[in-house]
Amino acid sequence: MVMSQLQLTSHTNIANILLVDDTPDNLRLLAKMLESQGYKVRKTTSGRMALQSAHREPPDLILLDINMPEMNGYEVCQQLKQSEATQQIPVIFISALDQLGDKVRAFDLGGLDYITKPFQEQEVLVRVRNQLLIQQQKRQLIRQNQQLQQEIQERQRAEAEIRQLNANLEQKVYLRTLELQQSLNFEATLKRISDKVRDSLDSHQILQSAVEELAKALEVHCCDAVLYSPDRLTSTIRYQHVQPGLPATQGQTLFTADVPELYEQLQQKFYFAFCQIQPSPIRNHSAILACPIFDDQVEQQGTLGDLWLFKPLQAEFIEPEIHLVEQVANQCAIALRQARLYEAAQAQVQELQRLNQLKDDFLYTISHELRTPIANIKQVIEMLTILTNCGRSCLADTAQQELSSDRVEQYFSILQEECDRELELVEDLLKLQHLEAGIYPIQPTTVNLRDWIPHVLEPFQMRIREQQQQLHLRLAERLPAIAIDLPSLGRIIKELINNACKYTPPGERITLTANWIDGDITSNSAPTLLISVSNTGVEIAETELSRIFDKFYRIPNHDPWKYGGTGLGLALVKKMVEQLNGRIWVESANNLTCLTVALPL
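Residues numbered from 1 in each chain as written. Predicted model: local features only at pLDDT ≥ 70, side-chain atom pairs only at ≥ 80, totals over all residues. Heavy atoms only, no water.

Re the overall build of the chain
So, step 1. Across its full length, the chain carries 16 helices and 18 strands.
So, step 2. Buried residues in the chain amount to 39% of all 601 residues.
So, step 3. Of the accessible surface of the chain, which amounts to about 34,800 Å², a share of 52% is contributed by carbon and sulfur atoms. (Helix = DSSP H or I, 4+ residues; strand = E, 2+ residues; numbered from the N terminus. Buried < 20%, exposed > 50% of the residue type's maximum accessible area, 1.4 Å probe, protein only. Areas by Shrake-Rupley, 256 points an atom, 1.4 Å probe, with all protein chains shown as cover.)

Some details on the nonpolar core
So, step 1. L449, W452, I453, I493, L496 and I497 are the most contacted members of the largest nonpolar core, which totals 43 residues.
So, step 2. Among the secondary structure elements, those contributing two or more residues to this core are α12 (449-457), β14 (481-485), α14 (486-503), β15 (509-517), β16 (528-536), α16 (569-579), β17 (583-589) and β18 (592-600).
So, step 3. Here the element with the most residues in this core is α14; it accounts for eight residues.
So, step 4. In contact with I497, not counting residues within four places along its chain, are L457, F460, I510, L512 and V533.
So, step 5. If you look at the next biggest cluster of nonpolar residues, it comprises 29 residues, including L190, A210, I293 and L307. (Core = buried A, V, L, I, M, F, W, Y, C linked by side-chain atoms within 4.5 Å. Contact = heavy atoms within 4.5 Å.)

Notes on the sheet that holds strand β5 (residues 113-116)
So, step 1. In space, the five strands of this open sheet follow the order β2-β1-β3-β4-β5, with parallel pairing throughout. Each having just a single partner strand, β2 (40-44) and β5 make up the two edges of the open sheet. Taken pair by pair, the neighbouring strands of this sheet meet at an average axis angle of 20°, ignoring direction.
So, step 2. Sheet analysis places strand β1 (residues 16-20) next to strand β3 (residues 61-64), joined by four bridges and oriented parallel. (Pairing = 2+ DSSP bridges. Axes fitted to C-alpha atoms, helices over the stretch in contact; angles between N-to-C directions.)

Concerning the packing of aromatic side chains
Geometry of an aromatic ring pair is reported as the spacing of the ring centres plus the angle between the planes.
So, step 1. What the rule picks out here adds up to two aromatic pairs.
So, step 2. Measuring from centroid to centroid gives 6.0 Å for Y74 and F93, while their planes differ by 50°, and the two rings are tilted. Linking Y74 in helix α4 (residues 73-82) with F93 in strand β4 (residues 91-95), this pair joins segments that are 19 residues apart in sequence. The pair formed by Y74 and F93 is uniform in burial state, with each residue classed as buried.
So, step 3. Every member of this aromatic cluster is reached through a ring pair, and the members are Y74, F93 and Y114. (Phe/Tyr/Trp six-rings, centres within 6.5 Å; stacked < 30°, edge-to-face > 60°.)

Observations regarding the packing of α14 against α16
So, step 1. Axis separation between α14 and α16 bottoms out at 9 Å; the angle between their running directions is 145°. Judged by the twist between their axes, the crossing of α14 over α16 is left-handed. Across from S488, R491, I492, E495, L496 and N499 in α14, the residues of α16 making contact are G569, L570, L572, V573, M576 and V577.
So, step 2. Classifying every residue of the contact of α14 with α16 gives seven nonpolar, three polar and two charged. (Left-handed = near helix turned anticlockwise from the far one by under 90°. Nonpolar A, V, L, I, M, F, W, Y, C, P; charged D, E, K, R; others polar.)

A few points about empty space enclosed by the protein
So, step 1. With the rule as written, the count across this model stands at two cavities of 30 Å³ or more.
So, step 2. As a volume, the second largest cavity reaches approximately 30 Å³.
So, step 3. Together, L19, V20, D21, L30, L63, L64, D65 and I94 line the second largest cavity.
So, step 4. The set of elements that each furnish at least two residues to the lining of the second largest cavity consists of β1 and β3.
So, step 5. Residue classes in the lining of the second largest cavity are distributed as six nonpolar, no polar and two charged. (1 Å grid on protein atoms, 1.4 Å probe; cavity = no way out; pocket = protein on both sides within 12 Å on 5 of 7 lines; lining within 4 Å. Points joined across faces, edges and corners; volume = space filled by probe spheres on them.)

Section: unusual backbone geometry
So, step 1. Here the bond from K117 into P118 is cis, since omega is -5°, no more than 30 degrees from zero.
So, step 2. Here P118 lies in the loop between β5 and α6 (121-198).

So, the state of the cysteines
When the sulfur atoms of two cysteines share a covalent bond, that bond is a disulfide.
So, step 1. For the coordinates displayed, the defined rule picks out zero disulfides.
So, step 2. In this structure C222 is a free cysteine whose sulfur lies 7.0 Å from that of C223, the closest cysteine sulfur available.
So, step 3. Residue classification places C222 among the buried residues on the basis of a relative accessible area of 1%. (Disulfide = S-S within 2.5 Å.)

What to know about the confidence of the model for the chain
So, step 1. Here the chain averages 79 in pLDDT, while 77% of its residues score no lower than 70.
So, step 2. For the chain, the element scoring lowest by mean pLDDT is helix α1 (residues 5-12), at 44; β16 scores highest, at 93.
So, step 3. In the predicted structure, residues 1-12 sits below a pLDDT of 50 and forms 14 contacts with residues beyond four places in sequence or in another chain. (pLDDT = per-residue confidence, 0-100.)

Brief notes about the pairing of strand β7 (residues 234-242)
So, step 1. Two elements, strand β6 (residues 222-228) and β7, share seven bridges in a ladder whose sense is antiparallel. Its bridge partner being in β7, Y228 is matched across the sheet by S235.
So, step 2. Summarising the sheet, β7 and strand β8 (residues 253-255) pair through three bridges and their orientation is antiparallel. Note that in β8 the partner of T236 across the bridge is T253.

Thoughts on the sheet that holds strand β13 (residues 470-475)
Within a sheet, neighbouring strands are paired by backbone hydrogen bonds and run either parallel or antiparallel to one another.
So, step 1. Spatial strand order, β13-β15-β16-β18-β17: five strands in an open sheet with mixed pairing. Of all strands in the sheet, those with a lone pairing partner are β13 and β17, marking the two edges. Each strand of the sheet is rotated relative to its neighbour by a mean of 15°, with strand direction disregarded.
So, step 2. Seen against the sheet, α12 touches β13, β15 and β16 and runs at an angle of roughly 165° to β13.
So, step 3. Relative to the sheet, α16 contacts β17 and β18, its axis offset from that of β17 by approximately 135°.

Examining a nonpolar patch on the surface
So, step 1. Taken together, the side chains of Y174, L175 and L178 present a nonpolar region at the surface, about 280 Å² in accessible area.
So, step 2. Within the secondary structure, L178 is located in helix α6.
So, step 3. Overall, the relative accessible area of 39% leaves L178 in the partly exposed class. (Patch = residues over 30% accessible without salt bridge, like charges linked within 9 Å, V, L, I, M, F, W, Y side chains within 5 Å. Salt bridge = Lys/Arg side-chain N within 4 Å of Asp/Glu carboxyl O.)

Some words on α4
So, step 1. Buried within α4 are the following residues: G73, Y74, V76, C77 and L80. Looking straight down α4, one finds that the buried residues subtend no more than 160° of arc, so they occupy a single side.
So, step 2. Where α4 is buried, its residues meet α3 (47-56), β3, β4 and α5 (100-108).
So, step 3. Among the residues of α4, the N-terminal cap falls to N72, whose side-chain oxygen and the backbone nitrogen of Y74 are separated by 3.0 Å. (Arc of directions from axis to C-beta. Polar contact = N/O pair within 3.5 Å; in protein donor to acceptor, adjacent residues only side chain to side chain.)

Here's the deal with the pattern of salt bridges
So, step 1. Applying the stated criterion to the full structure yields 12 salt bridges.
So, step 2. As a salt-bridge pair, R28 and D25 come within 2.1 Å of each other at their nearest N and O atoms. Here the residue R28 and the residue D25 both occupy positions in helix α2 (residues 24-35), the gap between them amounting to three residues, near one helical turn.
So, step 3. Measuring nitrogen to oxygen at the nearest pair gives 2.9 Å for the salt bridge that ties E123 to R127. Of this pair, E123 and R127 both sit in helix α6, four residues apart, which is roughly one turn of the helix.
So, step 4. For R127, a relative accessible area of 27% corresponds to the partly exposed category.
So, step 5. The network of salt bridges with common partners includes D21, D65 and K117.

Listed below in structure tokens is the structure:
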């Protein structure tokens, strides 16, 4: 609604007008003229005072003189228009300057009208009234525009509320559809996982399938299958599925004591979900769901492990997802229990097969090692019988045939060797039995190793020369005198050297090294004697390394000198080393094989 001209005129009569002129007479004259029309008038005699007054209480109109000391009217108008608080106040210049350039500059600086001195009362009143009317109309238009904008905004808000209600309804329908679709997908995932784990007796395949399917179905950053150690002090990430670009931690071992509040809840068969904002051994800054792997059949032994799922920190696990993970964990527990029963049965079958093979090997070895010497002994006895029972004629005949007593000595030597061979086999079997029973006698004797070891190697010198092998002895300068069971240590060194001689080709090198490692008080470790025997020219296959200390085991196709043997030598060495609280190991690579014995003293 537009105000009438009368209403506008009456409204302008109460306008607040600021007069700025450095001439008091002009101020009094203008003030009298304006006040007679009902205007409120304020007077200032300088530009600086005018700016302060306008900012303190903005007027409806300013009548501004141009020629003033310190700050002229142009400068005052310029500062008024530069201030947000006063830039909308209309300015009428009143000046004695009547040049066109003066007027143009006044209008350029923001003045709305220009009155030339000496002024006429009627002209001033008309121009003032005109500017006040224009200002009043402008304000009225602004108010009307504001009302219109408010109505528009209210209508827009109403339309927005309607759109929001429609969007909410559509969102609810969409979410419900997603929930139904998600439920169908979860059911399909559970069936797929159940089919895979139920049809498999391989614990590796069971957990790997479950981890991969869960990670894809729930779109998580990472999914881990964690299994506990038998003592439940540690848990190891056995199977893992991570999105490309994220760090993998499969094989990482965690100590349950590091986060007891988590593992206590899991081992009590409760799942939990939380957001991790503090660094920890699990995975930094993630939304985490942990669910124990157990079923009703494992109550006695507790949980087998856990399933851990990781999402971004801002994400969450909803109830259907948690329910799916619980069902998968239960299926995994049942499948793992069945797989472990199957694996245990298979292990028993393999152990029975191994024992049966050992029995066959033992019977074959014993029958061969006993039959051959006994046959030789029998043949030598028959020859000796012939030689001793033929009488003088036989002796004369044999003498004529150049069969001297050397032949008899040779027969006796063979008889002695075969008897020693049988006796050695029986002695090795007895020693092995005593060692396994823990009744093998230990009698420590103090000995200087640098003087003693060369004597142990003397019996092998001729054999090594005949086989064109090289023997190197490397004894540490500071080897001290030690107290140890000499028969055991001697047998260990002899068996290692004998084993090296048997398998080293001509022209290759056999090296015996003895060294001493001082104990470390901080780590509570005792001084240790290290003895190693290495030989070049031969390399043991990786599949054979774990079996060379088994009883009656002989490495196939690695006996260039065709010595044979019972397969008890290294088995005896291992038992003797363990009897001395030491350990022995073998390394073979790059055409070099080395057996090392470590004996704490």
